[in-house]
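Breakdown of the fold
Chain by chain, the residues:
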Amino acid sequence: MLYQFALFTNTSLIIMSKILAFSGSSRKGSFNQQLVRIAARGAQVLGSEVTIINLGNYPMPIFCQDYENEHGMPAKAAEFKQLLLENDGFLIASPEYNSSFSALLKNALDWASRATTPDEIPLSAFQGKFATLMAASPGNLGGLRGLVSLRMLLGNMGVTLAPSQIAIAKAYAAFEQGKLVDEFKHHEVSELGANLHLLLEKFNDNSNN
Ligand SMILES: Cc1cc2nc3c(=O)[nH]c(=O)nc-3n(C[C@H](O)[C@H](O)[C@H](O)COP(=O)(O)O)c2cc1C
């Protein structure tokens, strides 16, 4: 089920899509967190309600089934899962660590994949959702390899992935004051956010007809 806000104007009903934007890095000055903010702005200007979070504010232990059996879901993992549940789409940027996406991101997704009640639909935080991926790294490939496994994982969890994605190479020189120095690239990233907004809008229109 998609969560939507509806606004009534004089002439029509406007459905507002809700997007959660986050990166797989909690590093101060993270390139990926900067990247996700640029894409988020692109969705916001078209009317999506975007919530930007930093996974560093959601500390949770490394997933272990024994821990889960004893303590249940940690409070911050439950908060993160709730945010996923409340949003229709996700903008996600992840660093590439040793050719894959970050452990911080994987751990948060693993916790959020767990049911907290016996009757909960499996993977309820992911099923029927839409996501757009991006990455930034100081290397020449911009973290592109990490997105291959992230795309596969999210697809297997029931998320529909937007076909377009961006990997920003040579990240140390690419960002300045939260913007991409290359204006064309900045626009492209912003467009990623805008396109997720449009995808959600189309989906919502079809669901409501
Ligand atoms: C353990 C580790 C492994 C890394 N492996 C890769 C890699 O495989 N490919 C790559 O492009 N960068 C790699 N990097 C560099 C990261 O891309 C870089 O630290 C980047 O700034 C992290 O993203 P952030 O700025 O969002 O924190 C690695 C960094 C660390 C700490």
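The shown structure was predicted, so the numbers you read here are calculated from the model rather than taken from an experiment.

The environment of the ligand is made up of 17 residues, and the closest members are Ser-25, Asn-32, Pro-95, Ser-137 and Gly-139. Elements with a contribution of two residues or more to the shell around the ligand: α1 (31-45) and β6 (96-97).

Structurally, Asn-98 is set in the loop between β6 and β7 (100-101). Residue classification places Asn-98 among the exposed residues on the basis of 8 C-beta atoms within 10 Å. Asn-98 sits 49 residues away from Leu-147 along the chain, and the two C-alpha atoms are 12 Å apart.

The interhelical angle for the contact between helix α3 (residues 75-86) and helix α4 (residues 103-112), taken along N-to-C directions, is 80°, at an axis separation of 9 Å. If you check the angle between α3 and α4, you find them roughly perpendicular. Every residue of α4 that contacts α3 at Ala-77, Phe-80, Lys-81 and Leu-84 is listed here: Ala-108, Trp-111 and Ala-112. Split by residue class, the contact of α3 with α4 holds 6 nonpolar, no polar and 1 charged.

Another point: helix α5 (residues 144-156). Taking 1.5 Å of rise per residue, 13 residues should cover 18 Å, and α5 covers 19 Å from first to last C-alpha, within 8% of that figure. Listing the buried residues of α5 in full gives Gly-146, Leu-147, Leu-150 and Leu-154. Down the axis of α5, the smallest arc covering the buried residues is 95°, so these residues share one side. Exposed positions of α5 whose direction lies more than 90 degrees from the buried face are Met-152 and Asn-156. Considering only its buried residues, α5 is in contact with β6, β7, β8 (130-136), β9 (160-161) and β10 (166-168). Looking one or two residues beyond α5, the residue adopting positive phi is Gly-158, at roughly 105°.

Another aspect to go through is the environment of Gly-143. Within the fold, Gly-143 resides in the loop between β8 and α5. Judged by local crowding, Gly-143 falls into the buried class, with 32 C-beta atoms found within 10 Å. Along the backbone, Gly-143 and Ser-94 are 49 residues apart, and their C-alpha atoms lie at a distance of 7.7 Å. Setting aside anything within four residues of it in sequence, one finds Gly-143 in contact with Ser-94, Pro-95, Glu-96, Ala-135, Ala-136, Ser-137 and Ala-167.

This paragraph deals with the nonpolar core. Judged by nonpolar contacts, the single largest core of 50 residues is most densely connected at Ala-21, Leu-35, Ala-39, Leu-91, Ala-108 and Met-134. The greatest single-element share of this core, amounting to 7 residues, is contributed by α1. Those residues in contact with Ala-21 that sit more than four places away from it in its chain are Val-36, Ala-39, Ala-40, Val-50, Thr-51, Ile-52 and Leu-91.

With that settled, the discussion passes to the pairing of strand β3 (residues 18-23). By the criterion of burial, β3 is predominantly enclosed, with 5 of the 6 residues buried. In this structure, β3 lies alongside strand β4 (residues 49-52), joined through 4 bridges in parallel fashion. Within the sheet, the bridge partner assigned to Ile-19 lies in β4 and is Val-50. Handedness of the β-α-β unit built from β3, α1 and β4 comes out right-handed. Across 5 bridges, the pairing between β3 and strand β5 (residues 89-93) is parallel. Residue pairing for β5: Ser-23 is matched across the bridge by Ala-93.

We now examine the pairing of β8. Sheet faces and side chains relate simply in a regular strand, where the side chains alternate between the two faces. Burial runs high along β8: 7 of the 7 residues are buried. Residue alternation in β8 divides its side chains into two sets, Phe-130, Thr-132, Met-134 and Ala-136 and Ala-131, Leu-133 and Ala-135, and both sets are buried. Direction of pairing for β5 relative to β8: parallel, over a ladder of 5 bridges. The partner of Leu-91 across the bridge, within β8, is Thr-132. Summarising the sheet, β8 and β9 pair through 2 bridges and their orientation is parallel.

Rules of the game
- Residues numbered from 1 in each chain as written.
- Predicted model: local features only at pLDDT ≥ 70, side-chain atom pairs only at ≥ 80, totals over all residues.
- Near = placed C-beta within 6 Å.
- Helix = DSSP H or I, 4+ residues; strand = E, 2+ residues; numbered from the N terminus.
- Buried ≥ 20, exposed ≤ 12 C-beta atoms within 10 Å, placed from the backbone.
- Axes fitted to C-alpha atoms, helices over the stretch in contact; angles between N-to-C directions.
- Parallel < 35°, antiparallel > 145°, perpendicular 65-115°, else oblique.
- Contact = placed C-beta atoms within 7 Å.
- Nonpolar A, V, L, I, M, F, W, Y, C, P; charged D, E, K, R; others polar.
- Expected span 1.5 Å × (residues − 1).
- Arc of directions from axis to C-beta.
- Core = buried A, V, L, I, M, F, W, Y, C linked by C-beta atoms within 7 Å.
- Pairing = 2+ DSSP bridges.
- Right-handed = clockwise from strand over helix to strand, strands pointing away.

Interpretation in functional terms is not warranted from these geometric data alone.
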